[in-house]
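Fold and geometry: a report
Now for the letters of each chain:
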Amino acid sequence: MALLEVNNLCRSFGGLRAVNNVSFRVNTGTIKAVIGPNGAGKTTLFNLIAGALKPDGGSILFNGRSIYGLPPFRVAAAGISRTFQNIKLFGNMTVAENIMVGRHTRSGSGFAASMLSLPRTRREEREIAERAAELARLFGIEDVLDAGAASLDFGRQRAVEFARALASEPQLLLLDEPAAGLNIYETNELAKRIVRIRDMGITILLIEHDMSLVMDISDEIAVLSYGEKIAEGPPCNVRNNPQVIAVYLGGDVAQD
Amino acid sequence: MKRFVAIGALAAAVIALHLLFAAAGAEYLLVQLTMAAYYALVVIGLCLLMGYAGQISLGHAAFFALGGYTAAVLSTNSFTQLMGAPALERLVHWGLVTAGTDAYGAAAHQVPVWLSLPLAVAAAAAVALVIGIPVLKLKGHYLAMATLGFGTILYRIFLGTRLFGEADGISSVRPCALLPGLTIGGDTALRTQNYYFAWALVLLAMVLSLNIVSSRAGRALRSIHGSEEAAAAMGVNTARYKLYVFILSAVFAAVGGFFMTHFNGGIGPAEAGIMKSVRYVAIVAVGGMANLWGSLLIGVLLNFLSLRGIFGSYDDAVFGALLVFIMALAPDGILRREFLHRIMRVRIRWPFSK
């Protein structure tokens, strides 16, 4: 069953068609990767799904309901969480607080209730803190819960971003180049982590440059080039697709 | 728990200062401490807005003035021209306006405080809402410029409108009887109760604000400061949270202005001026931005000194210089351990260093 269904999605910047008539599906419980050379429109596609950019046309269905053109906070509330290509942590907050913000959509105390610190609010606050600590343990960052998020090394910042994204218990997790800046050892750890998240029942859509990572863990791959989808399928098929090889290695193999 | 200890300590300090001044025969100092408390309400709200949510406002004095002018207009001779008019008689009949006398014993009408205070709050909230929706879409310098413009507009309106007394402002504002035994006014006999009332308001504002910052809403505000994009991706309705905190800070300021005006017996356009707004921003910056206690402490201290006339004609210059000093040397405020260490080391080494 398709958890996410994108049909004929378009978005232009001036005369540039960054995403042009792209359609694909992400099935529940799978890892799907979107690959393509720099400038292929991958991040634009992500931002369209996550609501950070408004599409020009097409449709986006999540769980059968349209999330087309919704603002990011509504997309998040619908059950889609994300990480960013350049890690975007809240540098002014501790690791624990960062993860706790991830719990925003799963808690309900508003401005007034927070201001009055009602018993219900305090109870919720304890639950949020416990959940954040649990996630920190899962990602091996429980020892830095009270450290400022900006003070961590790169690898741990990534871990915090993962924990924050999972705190909302999303159905779909969008990962924007999670291996960027990681060494081989860290990338292997990341691969295990992503598979583990999928095994928790969370569907994953990822953008990635690291081919070996993508080929190892993806159930399906879609390939973008100049804003258009040029191939889609399981890794073994995509790997041998002449158009994909042409796009990545150059040459005119695609012509015939 | 730490919160309650700190609030308790503040309450104890308020009482201790009163006893100290009383023992020293310097009870007149309570007047400036009362006024500093009302200014502190603006500082607390601005600290939430600027320090925690990261949204600068260079027009916050306008909200203080808005509360003050509402108090002044509704409790002075504004209704004189309407006297005898059926509309006014009906308002009197409904109890929305009460007939009384002005400061000189002539017949005058005024709006009772149970109505004028909510009106002042509503006016500030409404203006903050209308201004906030378009302006809070802006970021950084642009937000600073827009709020500066907004503050200037309100300042010119207060300065140029008959109803607001133009350049003279509004004087002979009546004291306001809040409760039996509690009257907000500048009379010497009322000094102690006014001091405690003003500080009770500060305590209340601190409790509410501290509750906010250590809760879900407070985390949402700080996440906006950290990364607005990431906050939205985590499900935070950033536009709404920014608007809420803007309105809340405007209401804090208006309440401060409202009671300050009754306490002082008047208000003038300078209260809405740009230099006042810069002063509030400087105080929050010196206090350490996302630091409610620091901002409160620095705010009360500096305003108290300023009201005592310590800075003389250089009053505004002192606050301007402070802002430059803070931005250059201690952007995280002066109440940080790192900064205090640096200062101490400099002081100890200096005479020997040559």
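Residues numbered from 1 in each chain as written. Chains lettered and ligands numbered in written order. Predicted model: local features only at pLDDT ≥ 70, side-chain atom pairs only at ≥ 80, totals over all residues. Heavy atoms only, no water.

Re the overall build of chain B
Condition: Under the DSSP-based scheme used, a helix requires at least four consecutive residues in state H or I and a strand at least two consecutive residues in state E, with every element numbered from the N terminus. All radius of gyration figures rest on C-alpha atoms, and the globule criterion is 2.2 Å times the number of residues raised to 0.38. Burial status follows relative accessibility: with a 1.4 Å probe on protein chains alone, a residue under 20% of its type maximum counts as buried, one over 50% as exposed, and anything between as partly exposed. What makes two residues a contact is simply this: any of their non-hydrogen atoms within 4.5 Å. For accessible areas, the Shrake-Rupley method is used with a probe of radius 1.4 Å. Any residue's cover is judged against the shown protein chains and nothing else.
When helices and strands are counted, chain B shows 14 helices and four strands. For 354 residues, the compact-globule estimate of 2.2 N^0.38 gives 20 Å, and chain B sits close to it at 21 Å. Expressed along its principal axes, the backbone C-alpha trace of chain B runs to roughly 75 × 55 × 40 Å. Counting the 354 residues in chain B, one finds 52% classified as buried. Counted over contacts in chain B with a minimum sequence separation of 6, partners at least 24 positions apart contribute 75%. Carbon and sulfur atoms make up 68% of the accessible area of chain B, which amounts to about 15,900 Å² in all.

Overview of unusual backbone geometry
At Asn8(A), a position not held by glycine, the phi torsion is positive, near 50°. One non-glycine residue, Met289(B), lies in positive phi territory at about 60°. With respect to the secondary-structure elements, Met289(B) resides in the loop between helix 11 (274-286) and helix 12 (292-307).

A short note on a positive patch on the surface
Under the convention used in this document: Each patch is built from residues that are more than 30% exposed by relative accessible area and take part in no salt bridge. Like charges join if they lie within 9 Å; nonpolar side chains (Val, Leu, Ile, Met, Phe, Trp, Tyr) join within 5 Å. Salt bridges are defined by distance alone: a side-chain nitrogen of Lys or Arg within 4 Å of a carboxyl oxygen of Asp or Glu. His is not counted, nor are the chain ends; Lys and Arg add positive charge and Asp and Glu add negative charge. Note that the charge is assigned to NZ on lysines, CZ on arginines, CG on aspartates and CD on glutamates.
Taken together, Arg120(A), Arg122(A), Arg123(A), Arg126(A) and Arg3(B) make up a surface patch of like positive charges. With four residues, helix 5 (residues 119-138) of chain A is the largest single contributor of residues to the positive patch. On the secondary structure map, Arg123(A) appears in helix 5.

Observations concerning the nonpolar core
The condition is simple: In this text, buried Ala, Val, Leu, Ile, Met, Phe, Trp, Tyr and Cys residues form a nonpolar core when linked through side-chain atoms within 4.5 Å.
In terms of nonpolar packing, the biggest core is built from 125 residues, with Tyr38(B), Trp199(B), Val202(B) and Leu292(B) touching the most fellow members. Counting residues per element, this core draws most heavily on helix 2 (residues 29-52) of chain B, which supplies 19 residues. Apart from residues no more than four positions distant in its own chain, Trp199(B) is found in contact with Leu10(B), Val14(B), Leu33(B), Ala37(B) and Val300(B). If you look at the next biggest cluster of nonpolar residues, it comprises 47 residues, including Val95(A), Ile128(A), Ala132(A) and Met215(A).

Brief notes about the interface of chain A and chain B
Keep this limit in mind: Buried area is a sum: the accessible area each of two parts loses on coming together, probed at 1.4 Å, counted once for each and added. Whenever two N or O atoms come within 3.5 Å, that pair is a polar contact, provided that in protein one can donate a hydrogen and the other can accept it, and provided that, for residues adjacent in sequence, both atoms are side-chain atoms. Throughout this entry, Asp, Glu, Lys and Arg are counted as charged residues, while Ala, Val, Leu, Ile, Met, Phe, Trp, Tyr, Cys and Pro are counted as nonpolar. The remaining residues, Gly among them, count as polar.
The partner chain B presents 29 residues to the 30 residues of chain A that form the contact. Summed over both partners, the interface of chain A with chain B comes to about 2,700 Å²; 64% of that surface belongs to carbon and sulfur atoms. A per-residue breakdown of the area chain A buries against chain B is headed by His104(A), Phe111(A) and Met115(A), which together make up 28% of the total. At the boundary of chain A with chain B, the tally comes to three salt bridges. A salt bridge links Glu125(A) to Arg219(B); its shortest N-O distance comes to 2.5 Å. Summed over the shared surface of chain A and chain B, the result is ten residue pairs in polar contact (both at pLDDT 80 or more). Looking at the side of chain A that touches chain B, the element that brings in the most residues is helix 4 (residues 111-116) of chain A, giving four residues. For the side of chain A that touches chain B, a count of residues per class yields 13 nonpolar, eleven polar and six charged.

Examining the domain arrangement of chain A
Residues and elements named next belong to chain A. Which entries qualify depends on this criterion: An automatic or database domain assignment is the source of the domain bounds shown.
Entries for chain A in the domain assignment read domain 1 (1-79 + 170-256) and domain 2 (94-169). Between domain 1 and domain 2, the contact holds 19 residues from the first and twelve residues from the second. Linking domain 1 with domain 2 are zero salt bridges. On the surface where domain 1 and domain 2 come into contact, there are three residue pairs in polar contact (both at pLDDT 80 or more). With six residues, helix 7 (residues 184-199) is the largest single contributor of residues to the side of domain 1 that touches domain 2. Partitioning the side of domain 1 that touches domain 2 into residue classes produces 13 nonpolar, two polar and four charged.

With respect to the pattern of salt bridges
Residues and elements named next belong to chain A. If you walk through the whole model with that rule in mind, you get 22 salt bridges over all chains. Between Arg-82 and Asp-176 there is a salt bridge whose closest N-O contact spans 3.9 Å. With Arg-82 in strand 6 (residues 80-82) and Asp-176 in strand 7 (residues 172-176), this residue pair connects regions lying 94 residues apart in the sequence. Across the pair, Asp-176 and Arg-82 agree in class, each one buried.

Regarding helix 5 of chain A
Residue and element names in this part refer to chain A. Operational definition: Expected helix span is given by 1.5 Å per residue-to-residue step, counting one fewer step than there are residues. It is the directions from the helix axis to the C-beta atoms whose arc is reported.
Under the 1.5 Å per step criterion, the end-to-end length of helix 5 is 29 Å for 20 residues, consistent within 8% with the ideal 28 Å. Along helix 5, the positions that sit buried rather than exposed are Thr-121, Glu-124, Glu-125, Ile-128, Ala-132, Leu-135 and Ala-136. Buried residues in helix 5, looked at end-on, bunch into an arc of 115°, giving them a common side. Turned more than 90 degrees away from the buried face of helix 5 sit Pro-119, Arg-126, Glu-130 and Arg-137, all of them exposed.

Some remarks on the sheet that holds strand 8 (residues 203-207) of chain A
Residues and elements named next belong to chain A. To keep things clear, this is the line we draw: What makes two strands pair is DSSP finding at least two bridges between them. To obtain each axis, a line is fitted to C-alpha atoms, and for helices this fit is confined to the stretch in contact; angles are then taken between N-to-C directions over 0 to 180 degrees.
Judged by pairing direction, the sheet is mixed, and its six strands sit side by side in the order 6-7-8-3-9-10 without closing on themselves. Of all the strands in the sheet, the pair left with one neighbour each is strand 6 and strand 10 (228-233). Strand-to-strand twist across the sheet, computed as the mean angle between neighbouring axes with direction ignored, equals 20°.

Some thoughts on the sheet that holds strand 4 (residues 57-62) of chain A
Pairing between sheet strands relies on hydrogen bonds along the backbone, with the strands arranged either parallel or antiparallel. Residue and element names in this part refer to chain A. Spatially, the four strands line up as an open sheet ordered 2-1-4-5, and their pairing is antiparallel. Here the strands that pair on one side only, and so sit at the sheet edges, are strand 2 (16-27) and strand 5 (65-66). Where strand 1 (residues 2-13) and strand 2 come together, eight bridges link them in antiparallel fashion. Within strand 2, the residue paired with Ala-2 across the bridge is Asn-27. Sitting on the sheet, helix 1 (residues 42-50) touches strand 1, strand 2 and strand 4, and the angle it makes with strand 1 is about 115°.

A word on the side chain of His104(A)
Note that His104(A) resides in the loop between helix 3 (95-101) and helix 4. Not counting chain neighbours up to four residues away, the residues in contact with His104(A) comprise Arg216(B), Ala220(B), Met234(B), Gly235(B), Val236(B) and Tyr241(B).

Let's talk about the environment of Ala71(B)
Residue and element names in this part refer to chain B. Considering the arrangement of structural elements, one finds Ala-71 in helix 3 (residues 61-75). With a relative accessible area of 1%, Ala-71 lands in the buried category. Sequence separation of Ala-71 and Val-255 is 184 residues, and the distance between their C-alpha atoms is 9.7 Å. In this structure, Ala-71 is in contact with Phe-258, Thr-261 and His-262, ignoring residues within four places of it in sequence.

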